[in-house]
Amino acid sequence: MTVTLDDLRRVKLFAGLAPASLAALAPLASARSYRDGDSILLEGEEAAGVLFVLEGAARVYRTSPEGREQTLILLHAGDALNLPTPFAPSPVAPASAVAVGDSRLLALPLAAFRRAASEIPDLALAVMGDLAARLRHFTRLTYDLSLRSVRGRLARFLLRHASADAPSPVRWTQEEVAAQLGTVREVVSRTLRAFVREGLIRLDRQRILILDREALERESES
Amino acid sequence: MQDWALPTIHPQECTGCGLCVQYCPTAAVELVDGKPVIVRPADCAYCGLCEENCPTGAIELAYEIGFGAA
């Protein structure tokens, strides 16, 4: 699928690049469409290129031998999916990724991206900024998973995804919430019921409605 | 927002055990050719008992998250 300059401009990392730099990258790039749930990348496989979400979203996750999933990050349009790969000692993917909703991704060959980053200082700085943000994300995730209670994680999840400026209105199953929070569906179900009993939330058919934001914020610190 | 959202059934994960039919308090779901179908969608209360009791995770209820009045 042909990649246009407009496609490249959708990638946050490329937002500040000069038209000449974008024009040099465009012929090297390719794009591919995925249906909801399609596999984008498999843990343990070599990534052929560095990938960017143009449309839709991608969920990056790891699976335990028992089949339990832990979502590591949800990426939206403009985000890089495997930015460390072109700079890593091995191109083997440390995690898997699937499309969330119908999605379109852009790919650049690893060597071409590495060369571009070494030749364009603005791109190199943008890469470092993105990697720093990712490091911050995983520091927070490690804290959440190891030191925060499931009640706290669920409260935080509800507050984060209820905000009006959430990137896209997503409908979540309890299984998906569990994969985000590092627990199992039964625990999510039990904790939601406890929040209902305590008057923090209300289940209104297909909606989880937050009734007591302050109490939920206090809970999210637990 | 669609007010008529219904549970999603994944037939390939369903063993046809019928527990969802047994637990549904409004008899909205029935086995048709051995697989569950929400035959009376208007009766589905979206209570989640089918999801909770499904041994293979073949029925899922999805939720949007928002703010509401008590």
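Basis of the calculations
Residues numbered from 1 in each chain as written. Chains lettered and ligands numbered in written order. Predicted model: local features only at pLDDT ≥ 70, side-chain atom pairs only at ≥ 80, totals over all residues. Heavy atoms only, no water. Helix = DSSP H or I, 4+ residues; strand = E, 2+ residues; numbered from the N terminus. Buried < 20%, exposed > 50% of the residue type's maximum accessible area, 1.4 Å probe, protein only. Contact = heavy atoms within 4.5 Å. Areas by Shrake-Rupley, 256 points an atom, 1.4 Å probe, with all protein chains shown as cover. Pairing = 2+ DSSP bridges. Axes fitted to C-alpha atoms, helices over the stretch in contact; angles between N-to-C directions. Buried area = accessible area lost by both parts, 1.4 Å probe. Salt bridge = Lys/Arg side-chain N within 4 Å of Asp/Glu carboxyl O. Polar contact = N/O pair within 3.5 Å; in protein donor to acceptor, adjacent residues only side chain to side chain. Parallel < 35°, antiparallel > 145°, perpendicular 65-115°, else oblique. Nonpolar A, V, L, I, M, F, W, Y, C, P; charged D, E, K, R; others polar. Patch = residues over 30% accessible without salt bridge, like charges linked within 9 Å, V, L, I, M, F, W, Y side chains within 5 Å.

Caption draft 1: Local environment of the overall build of chain B. What chain B contains, in helices and strands, is two helices and five strands. Mapped in sequence order, the helices and strands of chain B form the string β-α-β-β-α-β-β. If you line up chain B on its principal axes, its C-alpha atoms span 40 × 20 × 20 Å. Sorting the 70 residues of chain B into buried and exposed places 34% on the buried side. Looking at chain B alone, contacts between residues at least 24 apart form 49% of all its contacts between residues at least 6 apart. As displayed, chain B has an accessible area near 3,900 Å², and 55% of this comes from carbon and sulfur atoms.

Caption draft 2: Representation of the sheet that holds strand 8 (residues 207–210) of chain A in the model. Spatially, the four strands line up as an open sheet ordered 6(A)-5(B)-8(A)-7(A), and their pairing is mixed. Two strands in the sheet have a free side with no partner beyond their single neighbour: strand 6 (172–173) and strand 7 (201–204) of chain A. Across four bridges, strand 8 of chain A lies against strand 5 (residues 62–67) of chain B in parallel orientation. Opposite Ile210(A), over in strand 5 of chain B, you have Phe67(B) as the bridge partner. Its contacts with the sheet put helix 5 (residues 150–162) of chain A on strand 6, strand 7 and strand 8 of chain A together with strand 5 of chain B, and the angle it makes with strand 5 of chain B is roughly 75°.

Caption draft 3: Examining the environment of Phe157(A) more closely. Following the sequence through the fold, Phe157(A) ends up in helix 5. Counting along the chain gives 133 residues from Phe157(A) to Ala24(A), while the straight-line C-alpha distance between them is 41 Å. Among all residues touching Phe157(A), those that are not within four sequence positions of it are Trp172(A), Val177(A), Gln180(A), Leu181(A) and Ile65(B).

Caption draft 4: Spotlight on the pairing of strand 5 of chain B. Of the pairings in the sheet, the one linking strand 6 of chain A to strand 5 of chain B comprises two bridges and is antiparallel in character. Its bridge partner being in strand 5 of chain B, Trp172(A) is matched across the sheet by Tyr63(B).

Caption draft 5: Expanded view of the interface of chain B and chain A. Taken together, the contact pairs 22 residues of chain B with 24 residues of chain A. Interface area lost by chain B to chain A is led by Tyr63(B), Ile65(B) and Phe67(B), which between them contribute 35%. Where chain B packs against chain A, one counts one salt bridge. In this structure, Arg193(A) and Glu52(B) form a salt bridge, with 3.0 Å as the shortest nitrogen-oxygen distance. For the pair chain B and chain A, the number of links is 12 residue pairs in polar contact (both at pLDDT 80 or more). Among the elements that make up the side of chain B that touches chain A, the one with the highest residue count is strand 5 of chain B (six residues).

Caption draft 6: Layout of the packing of helix 3 (residues 110–119) of chain A against helix 4 (residues 121–147) of chain A. Residues and elements named next belong to chain A. At a closest axis distance of 5 Å, the pairing of helix 3 and helix 4 adopts a crossing angle of 110°. Compared by their axis directions, helix 3 and helix 4 come out roughly perpendicular. Of helix 4, the residues touching helix 3 (which contributes Phe113, Ala116, Ala117 and Glu119) are Pro121, Leu123, Ala124 and Val127. Among the residues making up the contact of helix 3 with helix 4, the classes are represented as seven nonpolar, no polar and one charged.

Caption draft 7: Looking closely at the pattern of salt bridges. Residues and elements named next belong to chain A. Applying the stated rule across the entire model yields 18 salt bridges over all chains. One salt bridge connects Asp130 with Arg134, and the closest N-O pair in it is separated by 3.4 Å. With Asp130 and Arg134 both in helix 4, this residue pair falls four residues apart, about one helical turn. Among the salt bridges present, the one from Arg213 reaches Glu217, with a minimum N-O distance of 3.3 Å. Placement of the pair is Arg213 and Glu217 together in helix 8 (residues 213–220), with a separation of four residues, close to one helical turn. We classify Arg213 as partly exposed; its relative accessible area is 43%.

Caption draft 8: Representation of a nonpolar patch on the surface in the model. Residues and elements named next belong to chain B. Residues Val32, Val37 and Val39 make up a contiguous nonpolar surface patch of about 180 Å² in total accessible area. By the element assignment, Val39 lies in the loop between strand 3 (35–38) and helix 2 (49–53). Given a relative accessible area of 31%, Val39 falls into the partly exposed group.

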